[in-house]
Amino acid sequence: MKTYRIAAIPGDGIGNEVIPAGIEVLEALAAKRGFALAFEHFDWGSKRYLETGAYIPAGGLERLKTFDAIFFGAVGAAEVPDHISLWGLRLPICQGFDQYANVRPARVLPGVDSPLRDGSAVDWVIIRENSEGEYSGSGGRVHRGLPEEVATETSVFTRRGVERIHRFAFELARARPKKHLTLVTKSNAQRHGMVLWDEIFFEVAKAYPEVRWDRELVDAMTTRMVLKPGSIDTVVASNLHADILSDLAAALSGSLGIAPTANLNPERTFPSMFEPIHGSAFDITGKGIANPLATFWTASMMLEHLGEARAAAGLMRAIEAVTAEGVLTPDLGGVHDTRAVTNAVKRALDRGR
Ligand code: NAD
Ligand code: MN
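Residues numbered from 1 in each chain as written. Chains lettered and ligands numbered in written order. Predicted model: local features only at pLDDT ≥ 70, side-chain atom pairs only at ≥ 80, totals over all residues. Heavy atoms only, no water.

1. A few points about the overall build of the chain
Our working definition: A run of DSSP states H or I qualifies as a helix once it reaches four residues; a run of E qualifies as a strand once it reaches two. Both are numbered from the N-terminal end. Relative accessibility thresholds used throughout: buried, under 20% of the residue-type maximum; exposed, over 50%; partly exposed, between the two (1.4 Å probe, protein chains only). The contact criterion used is simple: two residues touch if any of their non-hydrogen atoms lie within 4.5 Å. Per-residue and other accessible areas follow the Shrake-Rupley method at a 1.4 Å probe size, with only the shown protein chains counted as cover for residues. As used throughout, the charge tally considers Lys and Arg to be positive and Asp and Glu to be negative, leaving His and the chain termini uncounted. Note on charges: their place is set at NZ of Lys, CZ of Arg, CG of Asp or CD of Glu.
Helices and strands together make up the secondary structure of the chain, namely 11 helices and 12 strands. In terms of overall dimensions, the chain has C-alpha extents of about 55 × 50 × 40 Å along its principal axes. Within the chain, the proportion of its 353 residues that are buried is 54%. Summarising the internal contacts of the chain: among those between residues at least 6 apart in sequence, 75% fall at separations of at least 24. With an accessible surface of roughly 15200 Å², the chain has 53% of that area assigned to carbon and sulfur atoms. Averaging the locations of the 39 positively and 43 negatively charged side chains of the chain gives two centres separated by 5 Å.

2. Some thoughts on the site of ligand 1
What counts here: Residues are classed as near a molecule or strand on a simple rule: at least one heavy atom within 4 Å of it. Polar contact criterion, stated in full: a pair of N or O atoms within 3.5 Å, where within protein one must be able to donate a hydrogen and the other to accept it, and residues adjacent in sequence count only if both atoms are side-chain atoms.
The full set close to ligand 1 counts 21 residues, and D82, G279, A281, D283 and N291 are the nearest of them. Contact distances for ligand 1 include 3.3 Å between a nitrogen atom and a side-chain N or O atom of H278. In the environment of ligand 1, an oxygen atom lies 2.8 Å from a nitrogen or oxygen atom belonging to the backbone of A281. About the coverage of ligand 1: the protein hides 72% of its 800 Å² of free accessible area.

3. Structural notes on the nonpolar core
Keep this limit in mind: Buried Ala, Val, Leu, Ile, Met, Phe, Trp, Tyr and Cys residues form a nonpolar core when they are joined through side-chain atoms within 4.5 Å. Marked domain ranges trace back to an automatic or database domain assignment.
I6, F71, V236, L315 and V345 are the most contacted members of the largest nonpolar core, which totals 85 residues. By residue number, the principal contributor to this core is helix α9 (residues 293–306), which donates eight residues. Residues from two domains meet in this core; each of domain 1 (1–99 + 262–353) and domain 2 (114–253) gives at least three. The residues touching V236, leaving out its near neighbours within four places in the chain, are I127, I165, H166, A169, L181, T182, L183, V184, W197 and F201. In this structure, W44, I70, V75 and L89 belong to the second largest nonpolar core, which totals 17 residues.

4. Brief notes about the domain arrangement of the chain
Defined as follows: Summed over both partners, the accessible area (1.4 Å probe) lost when two parts come together is defined as the buried area. A carboxyl oxygen of Asp or Glu within 4 Å of a side-chain nitrogen of Lys or Arg is what we treat as a salt bridge. Gly is placed with the polar residues, together with every amino acid not listed as nonpolar (Ala, Val, Leu, Ile, Met, Phe, Trp, Tyr, Cys and Pro) or charged (Asp, Glu, Lys and Arg).
Splitting the chain by domain gives domain 1 (1–99 + 262–353) and domain 2 (114–253). Averaged C-alpha coordinates put domain 1 and domain 2 at centres separated by 25 Å. The largest contributions to the domain 1 side of the interface with domain 2 come from Q95, D98 and I277, which together make up 47% of the buried area. For the interface between domain 1 and domain 2, the tally reads one salt bridge. A salt bridge links D98 to R164; the shortest N-O distance between them is 2.9 Å. Counting only elements with at least two residues in the side of domain 1 that touches domain 2, the list comes to α4 (82–96) and β11 (260–264). The element contributing the most residues to the side of domain 1 that touches domain 2 is α4, with three residues. Classifying every residue of the side of domain 1 that touches domain 2 gives five nonpolar, three polar and one charged.

5. Here we look at the sheet that holds strand β3 (residues 69–74)
In plain terms, the rule: Each pair of strands is called paired provided DSSP finds at least two bridges between the two strands. Under this scheme, a helix contributes an axis fitted over its contacting stretch, all axes are lines through C-alpha atoms, and angles between N-to-C directions fall in the 0 to 180 degree range.
Sheet architecture is open: 10 strands sit in the order β2-β1-β3-β12-β11-β4-β5-β10-β8-β9, paired in mixed fashion. A strand with exactly one partner marks an edge of an open sheet, and here the two such strands are β2 (36–41) and β9 (212–217). Each adjacent strand pair in this sheet contributes to an overall mean axis angle of 25°, direction not counted. As paired elements, strand β5 (residues 123–129) and strand β10 (residues 234–237) share four bridges and run parallel to each other.

6. Some words on the packing of α9 against helix α10 (residues 309–325)
Put simply, the test is: Here the word oblique covers every angle except those under 35 degrees (roughly parallel), over 145 (roughly antiparallel) and from 65 to 115 (roughly perpendicular). Two helices cross in a left-handed way if the nearer one is turned anticlockwise from the farther one by less than a right angle. They cross in a right-handed way if the turn is clockwise.
Taken N-terminus to C-terminus, the directions of α9 and α10 make an angle of 160°; their axes are 7 Å apart at the nearest point. Taken together, the axes of α9 and α10 lie roughly antiparallel to each other. Two packed elements cross with a definite hand, and for α9 against α10 that hand is left-handed. Here α9 contributes L293, F296, W297, A299, S300, L303 and E304 to the contact with α10, which in turn contributes A309, A311, A312, L315, M316, I319 and T323.

7. Some thoughts on the environment of G286
Along the chain, G286 turns up in the loop between β12 (272–276) and α9. Overall, the relative accessible area of 65% leaves G286 in the exposed class. Once the C-alpha coordinates of G286 and G326 are considered, the two residues, 40 residues apart in sequence, prove to be 23 Å apart.

This is the structure:
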């Protein structure tokens, strides 16, 4: 039997609630579809950091490298500054494994209310540059603690990094029915990196005559997402811009609790990482009401990446059957908890093709 080795890193907060739910659903699905998933569990999180001083133990990334995929929850705890936790766990994996293409679909699932009048118009894929840009990590602090203290945070745009993400975006846009791509930029105000970002897009576009494209400044993009959602299909944006726009996209599709993401290393030199886009959600941790649907949708993206397209589609159908039935957690206006939604998805899998 085909067996995939999956590294499970629940991390912090509700990561420890939604990742076990995801594993439960994935195991039920695999049994039905004739493949196996061998999960190995990693305790990498803020508890480990506070006890040992490291999120990732020595040699950890080398071990992680041997897996077929990484199934990740969230990182972030009240006791640890966010830049320490993010740079201690998530970013070393994304950057170390060159997961430069971050794919974030947004769609209003059946039975889910969008805050938009015409929620059904939301059917987008946002592609986020995930290896450089504003989150390159370049910069520093000088004259620490003195009145003349200065901090720099340098955006880094490389020809190679920009070209590969635009090419990835055009490929993905071409594979979707509308074949439409929007370039998000801020090259009016940021006249170096963002201008290179635009120029390389125009170059890459020439190789994809079948894809229609347009260009939008990031501030205007927020209004377009709210007022003209049907004019958008596939979107490519820098690390920071897409981070912000995809939370907006999640809200417009109903809740942060349903939005999935894949951090892809398209060349498959390294394993890719699959995670819900939400964080550790301190306010609901331990209450058993975290929405597991983002994690299930993420699991579907992971199966697709592993080559189990039929199982991936079956899981999506099960998720949609459950939202259509109205088995929803409180973030979606429902009264059900994580357990009830997980059980409902497993039942839908049993019924499904
Ligand atoms: P968050 O996503 O944790 O929470 C934002 C809001 O959305 C909260 O009200 C939360 O209850 C709600 N929410 C999120 N996921 C939900 C779910 N599955 N079901 C129901 N409601 C859900 O974002 P935040 O509050 O900005 O950050 C909290 C911590 O998480 C911080 O430490 C932050 O750095 C970290 N964080 C980590 C990641 C990641 O690991 N990828 C992403 C975002 C934030
Ligand atoms: Mn984010």
